[in-house]
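Chains, contacts and geometry: an overview
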Amino acid sequence: MKSADKADSNQVDALGVEQILLRIKKPQYKGDYKASAAYGNTLSAGIKQLPQVALMLARLKMRQGYIAQAEALLENADQTTASSGEQLVLKMEWAALQMLRRGVVIPPVEVATAALESLSEAAAPADVADAQRIHCRVLFNAVIAREMDRELVVAQAAELPEIAARLEASGLIDEGLSARFTYADNVLVGEARILALGELAERAIAVGQSQVAGEAYVRRAERRLAAGEESDRILADLDKAAKRYAEVNHVIGPIDIRRVQAQLAIQRELAVPDEWIGCLALYREADYPKGAISLLMDLSQLAHDSGDTALALDYRQQGLEAARATGMGMMEDNFQLALIDLLMRNNQYGAAIEVCEAAIESDVPRFNKGNYEQMLSTVYAFVRDFKRSR
């Protein structure tokens, strides 16, 4: 890692770090991640190594879905100029990133937990609170990967509202709302979750964060849909989201709304997925691979359920390629497991075996490795190689 050179220092002096950070952050409030990334590309390598700049750009890339780029930004951050608190937050985000990047779970959890347990007394309280917020996110990712007990993590994450209050008191409104979002959507369940997401939206509106309110209403609509609630309630939440997104002329929000509306129509009105295909094009145009990759998974599943295995295979392949291109290792595993199933259904047993064996030899979570081993055994059973079928 190198410190900023003289030319970089002059650029910082001319703009100021806070102004640089503002230029990166401001377009993100309206979901224009492409514009934020474009400005980030104009910054010199030395400026990007400044701890605060590296962190903000890495978070931007994670939000977009460019996980490999986020990893490079964090690894190139100049630790020699970072405060002890900044070093802690950088380490926590790096640990969180490894789950998405590598598909590994326990090592990042251990890194994040150890970092908190050994934090310096010199670390600023705001940085400590931010690190605790990220730590909770890491733990919930481990729950999703079935590597940690949910009840244990929920007990630890019960402090999120208090962490949020400390962040907000320090002026970190974005981070405080993020902590509250994690609490509402991951700690709580059922009607308590629905109520908390509504309260979060109201809080976000009160502090001028309409885009967060829009996201909370969309998430609530998704939770209602998953729970089988009435369509009118789901559509009402989406209408509320549309109003809030319109207030900031949000780029991604309306696509997310359109996606959930289409999902509702597909599930309850047997609609064709044309709207989803339109959303896929819009996500790609907005340079938002995170949304595109997730939607490719949904499109593939829908094609599979409809009996169109060739189309499902095409969508899975597109998703797998996109996950690899962006460095989204965890999604790559999800696509590969589904791809193996589709290869078997299309009698491409040799290809399925190759994918399974390569995955088993790689460093994947235990649960996923077990899935690959089970799939490999199934493939061998299909080709009547019972000695290798386990």
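An account of the accompanying structure is given in this report.

Rules used in this analysis
- Residues numbered from 1 in each chain as written.
- Predicted model: local features only at pLDDT ≥ 70, side-chain atom pairs only at ≥ 80, totals over all residues.
- Heavy atoms only, no water.
- Helix = DSSP H or I, 4+ residues; strand = E, 2+ residues; numbered from the N terminus.
- Rg over C-alpha atoms; globule rule 2.2 N^0.38 Å.
- Buried < 20%, exposed > 50% of the residue type's maximum accessible area, 1.4 Å probe, protein only.
- Contact = heavy atoms within 4.5 Å.
- Areas by Shrake-Rupley, 256 points an atom, 1.4 Å probe, with all protein chains shown as cover.
- Lys, Arg positive; Asp, Glu negative; His and termini not counted.
- Charge placed at Lys NZ, Arg CZ, Asp CG, Glu CD.
- Salt bridge = Lys/Arg side-chain N within 4 Å of Asp/Glu carboxyl O.
- Expected span 1.5 Å × (residues − 1).
- Polar contact = N/O pair within 3.5 Å; in protein donor to acceptor, adjacent residues only side chain to side chain.
- Core = buried A, V, L, I, M, F, W, Y, C linked by side-chain atoms within 4.5 Å.
- Axes fitted to C-alpha atoms, helices over the stretch in contact; angles between N-to-C directions.
- Parallel < 35°, antiparallel > 145°, perpendicular 65-115°, else oblique.
- Left-handed = near helix turned anticlockwise from the far one by under 90°.
- Nonpolar A, V, L, I, M, F, W, Y, C, P; charged D, E, K, R; others polar.
- Phe/Tyr/Trp six-rings, centres within 6.5 Å; stacked < 30°, edge-to-face > 60°.
- Arc of directions from axis to C-beta.

A separate point is the overall build of the protein. Secondary structure assignment for the protein yields 22 helices and 0 strands. The C-alpha radius of gyration computed for the protein amounts to 22 Å, which stays within 12% of the reference 21 Å derived for 390 residues, consistent with globular compactness. Once the C-alpha set of the protein is aligned to its principal axes, its extents read approximately 70 × 50 × 40 Å. Counting only residues that meet the buried cut, the protein has 49% of its 390 residues in that class. Partitioning the intrachain contacts of the protein with sequence separation of at least 6 by distance along the chain shows that 61% fall at a separation of at least 24. Total accessible area on the protein stands at roughly 18200 Å², and carbon and sulfur atoms take up 51% of it. Distance between charge centres in the protein, computed from 44 positive and 55 negative side chains, equals 1 Å.

Attention shifts here to the pattern of salt bridges. One side chain can pair with another of opposite charge once the charged atoms of both are near each other. Using the criterion set out here, one finds 22 salt bridges in the structure. With its nearest N and O atoms 2.7 Å apart, the salt bridge here joins E247 to R244. Of this pair, E247 and R244 both sit in helix α15 (residues 231-247), 3 residues apart, which is roughly one turn of the helix. Looking at R244, the relative accessible area reads 16%, which means it is buried. Note that R324 and E332 form a salt bridge whose closest N and O atoms lie 3.1 Å from each other. Counted as one network, the salt bridges with shared partners bring together R59, E93, D130, R133, R137 and E175.

So, about helix α16 (residues 253-269). The terminal C-alpha atoms of α16 lie 23 Å apart, and with 17 residues this matches the ideal 24 Å at 1.5 Å per residue to within 8%. Every buried residue of α16 is listed here: G253, I255, D256, I257, R259, V260, A262, L264, A265 and I266. Next to the buried residues of α16 lie α14 (210-226), α15, α17 (274-285) and α18 (289-305).

Note on placement: E93 falls in helix α7 (residues 84-102). Judged by its relative accessible area of 1%, E93 falls in the buried class. Separated by 2.6 Å, the side chains of E93 and R137 make a polar contact.

Before going further, it helps to examine the nonpolar core. In terms of nonpolar packing, the biggest core is built from 123 residues, with I24, L43, V53, M92, Y283 and I340 touching the most fellow members. Considering every element that reaches this core, the biggest residue donor is helix α9 (residues 125-144), with 10 residues. Sequence-distant contacts of I340, defined by excluding residues within four places in its chain, comprise A352, V355, C356, Y372 and M375.

In this structure, N249 takes a positive phi of about 55° despite not being glycine. Mapping N249 onto the fold places it in the loop between α15 and α16. One non-glycine residue, L270, adopts positive backbone phi at about 55°.

All right, on to the environment of D274 then. Locating D274 in the fold gives a position in helix α17. C-alpha separation for the pair D274 and A262, spaced 12 residues apart in sequence, amounts to 8.5 Å.

At a closest axis distance of 11 Å, the pairing of helix α5 (residues 51-64) and α7 adopts a crossing angle of 20°. The angle between α5 and α7 places the two elements in the roughly parallel class. Handedness of the crossing formed by α5 with α7: left-handed. For the pair formed by α5 and α7, the contact residues are P51, Q52, L55, R59 and M62 on the first element and E86, V89, L90, E93 and L97 on the second. Taken together, the residues of the contact of α5 with α7 break down into 6 nonpolar, 1 polar and 3 charged.

Once that is clear, we can look at the side chain of T326. With respect to the helices, strands and loops of the structure, T326 is situated in helix α19 (residues 309-326). Residue classification places T326 among the buried residues on the basis of a relative accessible area of 6%. Within the structure, T326 has its side chain in polar contact with the backbone oxygen of A323 (distance 3.3 Å).

Turning our eyes to something else, we now look at the environment of L313. Take L313: it is sitting in helix α19. Residue classification places L313 among the buried residues on the basis of a relative accessible area of 16%. Along the sequence, L313 and S300 sit 13 residues apart, while their C-alpha atoms lie 7.0 Å from each other. When residues no more than four places from it in sequence are discounted, the contact partners of L313 are L339, L342, L343, N346 and Q348.

Applying the stated rule across the entire model yields 3 aromatic pairs. A centroid spacing of 5.6 Å and a plane angle of 45° characterise the contact between Y283 and Y288, whose relative ring orientation is tilted. When its relative accessible area of 0% is taken as the criterion, Y283 is described as buried. An angle of 20° between the planes, with centres 5.9 Å apart, marks the rings of Y349 and F382 as stacked. Taken together, the positions of Y349 in helix α21 (residues 349-361) and F382 in helix α22 (residues 366-382) put the pair 33 residues apart, joining distant regions of the chain. In textbook terms, an aromatic cluster arises when at least three aromatic residues are bridged by ring pairs, as seen for Y33, Y283 and Y288.

In an α-helix, one turn spans 3.6 residues, which is why side chains three or four residues apart end up on the same side. Of the residues making up helix α2 (residues 17-25), those classed as buried are I20, L21 and I24. Down the axis, α2 shows its buried residues gathered within 95° of arc, on one side only.

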